[in-house]
Amino acid sequence: MDEILNEKNCGEKINSYTREDWQPLFELIPEIEKTTSFCERAQENKGQIIQIPYCEPAPIVLRFLKVVYSIPIIISFDWVSWEEGRKIASNPDFDFDSVNLVTKCKLITAIVRNDRFL
């Protein structure tokens, strides 16, 4: 099972990662940048039961999830109430160099976790 980091002590672990540890995530960047659709709306019909439409994630999304959980950079914290993260994520002009690595990982966590509720 992939490790999920604890918010209280994740900084030391995240900051100890080498470039080699991050490489699987870096390798996804070109494909992520070229991707125009990260999911496809789907509707499953099981006999007489028709489910509400849902999103079927693109292959790059599945690879991204596998990488962020395996490095690991997913942090256990109250992302639902994290106002700072909401402001950062909604600002297209935000300078990501202005925040530390833990904050960047928390942003990834919030996006990954929030995706389950869309």
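Quick note: structure is the one above.
Please read all numbers here as calculations on a predicted model, not as lab measurements.

Asks: Summarise the pattern of salt bridges; cite the residues concerned and give the values.
Replies: This structure, assessed with the given rule, holds 4 salt bridges. With a closest N to O distance of 3.0 Å, Lys 106 and Glu 7 form a salt bridge. With Lys 106 in helix α5 (residues 101-114) and Glu 7 in the loop between β1 (5-6) and α1 (10-16), this residue pair connects regions lying 99 residues apart in the sequence. Among the residues examined, Lys 106 registers a relative accessible area of 12% and is labelled buried. For Glu 31, the salt bridge is made with Arg 63, and the minimal N-O distance between the two is 2.4 Å. Here Arg 63 lies in helix α3 (residues 59-70) and Glu 31 lies in helix α2 (residues 19-34), a separation of 32 residues in the sequence. With relative accessibility at 33%, the residue Glu 31 sits in the partly exposed group.

Asks: Outline the packing of aromatic side chains, supporting the account with residue identities and numerical values.
Replies: What the rule picks out here adds up to 3 aromatic pairs. Both rings, one in Tyr 17 and one in Trp 22, keep their centres 5.7 Å apart while their planes meet at 70°; by these two values the pair is edge-to-face. By relative accessible area, which is 13% here, Tyr 17 ends up buried. On the basis of an interplanar angle of 75° and a centroid distance of 5.1 Å, the ring pair of Phe 94 and Phe 96 is categorised as edge-to-face. You can call Phe 96 partly exposed: its relative accessible area is 40%.

Asks: Just give me the short version of unusual backbone geometry, but keep the residues and values in it.
Replies: A cis amide bond, omega -5°, links Ile 71 with the succeeding residue Pro 72. By secondary structure assignment, the location of Pro 72 is in the loop between α3 and β6 (75-76).

Asks: I'd like a description of the nonpolar core, backed by residues and values.
Replies: What tends to happen in soluble globular proteins is that the nonpolar side chains get buried as a cluster. Counting 29 residues, the largest nonpolar core has Ile 14, Trp 22, Leu 25, Val 68, Ile 73 and Ile 75 as its most contacted members. Those elements that provide at least two residues to this core are α1, α2, α3 and α5. Contact partners of Ile 14, with chain neighbours within four places excluded, come to Leu 5, Trp 22, Ile 75, Leu 101, Val 102 and Cys 105.

Asks: Account for the environment of Gly 85, with residues named and values stated.
Replies: Looking at the element boundaries, Gly 85 is found in helix α4 (residues 83-89). For the pair Gly 85 and Leu 107, spaced 22 residues apart in sequence, the C-alpha separation works out to 6.1 Å.

Asks: Just give me the short version of α2, but keep the residues and values in it.
Replies: An α-helical turn contains 3.6 residues, so any two residues separated by three or four positions project in the same direction. For α2, spanning 16 residues, the distance from its first C-alpha to its last is 23 Å, which sits close to the expected 22 Å at 1.5 Å a residue. If you look at α2, its biggest bend is around 30°, right at Leu 28, and the proline Pro 30 turns up within four residues after that. Within α2, burial applies to Trp 22, Leu 25 and Leu 28.

Asks: How would you sum up the packing of α3 against α5? Please name residues and give values.
Replies: Closest axis-to-axis distance for the α3/α5 pair is 12 Å, and the angle between their directions is 130°. Overall, the two elements α3 and α5 adopt an arrangement that is oblique. Two packed elements cross with a definite hand, and for α3 against α5 that hand is left-handed. Here Phe 64, Leu 65, Val 68 and Tyr 69 of α3 lie close against α5, whose contacting residues are Ile 108, Val 112 and Arg 113. Grouping the constituent residues of the contact of α3 with α5 by class yields 6 nonpolar, no polar and 1 charged.

Rules behind the numbers
- Residues numbered from 1 in each chain as written.
- Predicted model: local features only at pLDDT ≥ 70, side-chain atom pairs only at ≥ 80, totals over all residues.
- Heavy atoms only, no water.
- Salt bridge = Lys/Arg side-chain N within 4 Å of Asp/Glu carboxyl O.
- Helix = DSSP H or I, 4+ residues; strand = E, 2+ residues; numbered from the N terminus.
- Buried < 20%, exposed > 50% of the residue type's maximum accessible area, 1.4 Å probe, protein only.
- Phe/Tyr/Trp six-rings, centres within 6.5 Å; stacked < 30°, edge-to-face > 60°.
- Core = buried A, V, L, I, M, F, W, Y, C linked by side-chain atoms within 4.5 Å.
- Contact = heavy atoms within 4.5 Å.
- Expected span 1.5 Å × (residues − 1).
- Bend = angle between axes of the 7 residues up to and from the residue.
- Axes fitted to C-alpha atoms, helices over the stretch in contact; angles between N-to-C directions.
- Parallel < 35°, antiparallel > 145°, perpendicular 65-115°, else oblique.
- Left-handed = near helix turned anticlockwise from the far one by under 90°.
- Nonpolar A, V, L, I, M, F, W, Y, C, P; charged D, E, K, R; others polar.

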